[in-house]
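Tertiary structure, described
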Amino acid sequence: MFITDLLKLNKKCNHEHVTPDRDCGYCPECGKFIRNEWYITRCSCCGMKLKSMNKNNAIIPQHHYCTNCGGEEYIVEKLDQINFIDINFAVLVKQVVEDKKTICTTTRCWQERTDVQPKLLVQYL
Ligand SMILES: [Zn+2]
Ligand SMILES: [Zn+2]
(Lines give C-alpha, C1' and ligand atoms only; values in the text may rest on other atoms or scores of the structure.)
(Ligands and ions follow the chains in the order given, each with its own letter.)
Protein backbone atom coordinates (compact mmCIF):
# COMPACT_ATOMS: atom_id res chain seq x y z
CA MET A 1 0.00 0.00 0.00
CA PHE A 2 1.29 3.45 -0.89
CA ILE A 3 1.44 6.36 1.50
CA THR A 4 -1.19 8.26 -0.46
CA ASP A 5 -3.62 5.40 0.11
CA LEU A 6 -2.98 5.55 3.82
CA LEU A 7 -3.68 9.25 3.87
CA LYS A 8 -6.95 8.70 2.07
CA LEU A 9 -8.02 6.12 4.58
CA ASN A 10 -7.29 8.44 7.45
CA LYS A 11 -9.49 11.13 6.03
CA LYS A 12 -12.79 9.32 6.25
CA CYS A 13 -15.68 10.98 4.49
CA ASN A 14 -18.92 11.17 6.46
CA HIS A 15 -20.93 11.91 3.31
CA GLU A 16 -22.61 14.79 5.10
CA HIS A 17 -23.99 16.21 1.89
CA VAL A 18 -26.05 13.11 1.15
CA THR A 19 -29.03 14.30 3.15
CA PRO A 20 -31.51 11.90 4.80
CA ASP A 21 -34.43 13.19 2.74
CA ARG A 22 -33.05 11.24 -0.21
CA ASP A 23 -32.80 7.47 -0.41
CA CYS A 24 -29.52 7.57 -2.23
CA GLY A 25 -27.20 9.80 -4.19
CA TYR A 26 -23.63 10.65 -4.95
CA CYS A 27 -21.53 12.25 -2.26
CA PRO A 28 -20.06 15.49 -3.61
CA GLU A 29 -17.12 15.19 -1.24
CA CYS A 30 -15.81 11.75 -2.20
CA GLY A 31 -17.78 10.80 -5.32
CA LYS A 32 -19.04 7.55 -3.85
CA PHE A 33 -22.61 6.42 -4.31
CA ILE A 34 -24.31 6.51 -0.93
CA ARG A 35 -27.50 4.81 0.12
CA ASN A 36 -29.28 6.03 3.23
CA GLU A 37 -30.47 3.14 5.34
CA TRP A 38 -32.52 3.39 8.50
CA TYR A 39 -32.36 0.92 11.34
CA ILE A 40 -34.18 0.61 14.62
CA THR A 41 -33.75 -1.72 17.54
CA ARG A 42 -36.60 -3.47 19.27
CA CYS A 43 -36.84 -5.30 22.54
CA SER A 44 -36.86 -8.97 21.60
CA CYS A 45 -39.02 -9.71 24.63
CA CYS A 46 -41.95 -7.29 24.22
CA GLY A 47 -41.22 -5.85 20.77
CA MET A 48 -41.14 -2.23 21.87
CA LYS A 49 -39.07 0.13 19.75
CA LEU A 50 -35.92 1.29 21.47
CA LYS A 51 -33.99 4.46 20.84
CA SER A 52 -31.04 3.36 18.78
CA MET A 53 -27.54 4.54 18.03
CA ASN A 54 -24.61 3.67 15.87
CA LYS A 55 -21.55 2.63 17.82
CA ASN A 56 -18.48 1.41 15.97
CA ASN A 57 -20.67 0.50 12.98
CA ALA A 58 -23.03 -1.57 15.07
CA ILE A 59 -26.66 -0.64 15.64
CA ILE A 60 -27.39 -0.87 19.33
CA PRO A 61 -30.02 0.50 21.72
CA GLN A 62 -29.10 3.65 23.60
CA HIS A 63 -30.07 2.06 26.89
CA HIS A 64 -29.20 -1.34 28.23
CA TYR A 65 -32.67 -2.34 29.29
CA CYS A 66 -36.12 -2.05 27.81
CA THR A 67 -38.17 0.61 29.58
CA ASN A 68 -41.31 -1.45 29.08
CA CYS A 69 -40.33 -4.90 30.34
CA GLY A 70 -36.74 -4.59 31.56
CA GLY A 71 -35.50 -7.00 28.92
CA GLU A 72 -31.90 -6.88 27.85
CA GLU A 73 -32.07 -8.67 24.51
CA TYR A 74 -32.82 -6.72 21.37
CA ILE A 75 -33.21 -7.19 17.66
CA VAL A 76 -32.13 -4.86 14.87
CA GLU A 77 -34.61 -4.08 12.16
CA LYS A 78 -33.98 -2.39 8.84
CA LEU A 79 -36.70 0.06 7.82
CA ASP A 80 -37.84 0.27 4.23
CA GLN A 81 -39.03 3.80 4.77
CA ILE A 82 -38.56 6.29 7.52
CA ASN A 83 -41.54 8.07 9.02
CA PHE A 84 -41.82 10.83 11.58
CA ILE A 85 -42.52 8.44 14.44
CA ASP A 86 -39.65 6.07 13.76
CA ILE A 87 -37.19 8.87 13.14
CA ASN A 88 -37.00 9.42 16.90
CA PHE A 89 -35.80 5.87 17.38
CA ALA A 90 -33.92 5.17 14.20
CA VAL A 91 -30.30 5.41 13.21
CA LEU A 92 -29.25 6.54 9.78
CA VAL A 93 -26.48 4.50 8.20
CA LYS A 94 -24.82 5.83 5.07
CA GLN A 95 -23.84 2.80 3.09
CA VAL A 96 -21.32 3.10 0.30
CA VAL A 97 -22.67 1.23 -2.70
CA GLU A 98 -20.01 -0.17 -4.99
CA ASP A 99 -22.19 -1.90 -7.56
CA LYS A 100 -24.38 0.86 -8.92
CA LYS A 101 -26.49 -1.37 -11.14
CA THR A 102 -28.16 -3.13 -8.27
CA ILE A 103 -29.29 -0.02 -6.44
CA CYS A 104 -31.67 2.84 -6.89
CA THR A 105 -34.87 0.89 -7.37
CA THR A 106 -36.97 2.97 -5.03
CA THR A 107 -39.58 5.32 -6.36
CA ARG A 108 -37.97 8.45 -5.05
CA CYS A 109 -34.65 7.62 -6.63
CA TRP A 110 -36.35 6.72 -9.85
CA GLN A 111 -38.10 10.09 -9.93
CA GLU A 112 -34.84 11.85 -9.39
CA ARG A 113 -33.33 9.97 -12.26
CA THR A 114 -36.05 10.65 -14.82
CA ASP A 115 -34.47 13.98 -15.67
CA VAL A 116 -31.48 12.18 -17.11
CA GLN A 117 -33.72 9.85 -19.10
CA PRO A 118 -35.50 12.04 -21.65
CA LYS A 119 -37.00 8.99 -23.36
CA LEU A 120 -39.59 8.78 -20.61
CA LEU A 121 -40.84 12.27 -21.39
CA VAL A 122 -41.72 11.53 -24.99
CA GLN A 123 -45.26 10.49 -24.16
CA TYR A 124 -46.03 13.95 -22.83
CA LEU A 125 -44.97 15.80 -25.97
ZN1 LIG B 1 -18.45 11.06 0.92
ZN1 LIG C 1 -39.27 -5.09 26.42
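Procedures and definitions
- Residues numbered from 1 in each chain as written.
- Chains lettered and ligands numbered in written order.
- Predicted model: local features only at pLDDT ≥ 70, side-chain atom pairs only at ≥ 80, totals over all residues.
- Helix = DSSP H or I, 4+ residues; strand = E, 2+ residues; numbered from the N terminus.
- Buried ≥ 20, exposed ≤ 12 C-beta atoms within 10 Å, placed from the backbone.
- Contact = placed C-beta atoms within 7 Å.
- Core = buried A, V, L, I, M, F, W, Y, C linked by C-beta atoms within 7 Å.
- Pairing = 2+ DSSP bridges.
- pLDDT = per-residue confidence, 0-100.

**Comments concerning the overall build of the chain**
A tally of regular secondary structure across the chain gives 2 helices and 7 strands. When the helices and strands of the chain are listed from N to C terminus, the series reads α-β-β-β-β-β-β-β-α. Residues classed as buried in the chain amount to 14% of the 125 residues present. For the chain, restricting intrachain contacts to residue pairs at least 6 apart in sequence, the fraction spanning at least 24 positions comes to 51%.

**What about the nonpolar core?**
The biggest cluster of nonpolar side chains holds 5 residues, and these are Trp38, Ile40, Ile59, Ala90 and Val91. Excluding residues that lie within four positions of it along the chain, isoleucine 40 makes contacts with Lys49, Ser52, Glu77, Leu79, Asp86, Phe89 and Ala90.

**Brief notes about the pairing of strand E5 (residues 58-61)**
Alternating positions in E5 separate cleanly, Ile59 and Pro61 being buried on one face and Ala58 and Ile60 remaining unburied on the opposite face. When strand E4 (residues 52-55) meets E5, the two strands line up antiparallel, connected through 4 bridges. From the neighbouring strand, methionine 53 faces E5, where its bridge partner is isoleucine 60. Where E4 hands over to E5, the hairpin turn is made up of 2 residues, of which asparagine 56 adopts a positive phi near 50°.

**Comments concerning the confidence of the model for the chain**
Per-residue pLDDT for the chain averages 81, and the proportion of residues at 70 or more is 71%. In this model residues 109-125 is a low-confidence stretch, pLDDT under 50, and it forms 5 contacts with partners more than four residues away in sequence or in other chains.

**Observations concerning unusual backbone geometry**
The phi torsion at histidine 15 lies on the positive side, around 50°, for a residue other than glycine. Here the phi dihedral of asparagine 57 falls at roughly 65°; this positive angle occurs in a residue that is not glycine. Tracing the chain through its elements places asparagine 57 in the loop between E4 and E5.

**Focus on the environment of glutamate 98**
Along the polypeptide, glutamate 98 turns up in the loop between strand E7 (91-97) and helix H2 (107-113). Placed 64 residues apart in sequence, glutamate 98 and isoleucine 34 show a C-alpha to C-alpha distance of 8.9 Å.

**Remarks on the environment of isoleucine 87**
Topologically, isoleucine 87 is positioned in the loop between strand E6 (74-79) and E7. Given 13 C-beta atoms within a 10 Å radius, isoleucine 87 is considered partly exposed. Separated by 47 residues in sequence, isoleucine 87 and isoleucine 40 place their C-alpha atoms 8.9 Å apart.

**Section: the pairing of strand E2 (residues 33-43)**
Where strand E1 (residues 24-26) meets E2, 3 bridges bridge the pair, whose relative direction is antiparallel. The residue bridging cysteine 24 from the neighbouring strand is arginine 35, located in E2. Between E1 and E2, which pair antiparallel in sequence order, lie 6 residues; one of them, glycine 31, sits at a positive phi of approximately 80°. With 7 bridges joining them, E2 and E7 adopt antiparallel strand pairing. Counterpart to asparagine 36 in the pairing with E7 is lysine 94. The hairpin turn running from E2 into strand E3 (residues 49-50), its antiparallel successor, is 5 residues long, and glycine 47 in that turn takes a positive phi close to 85°.

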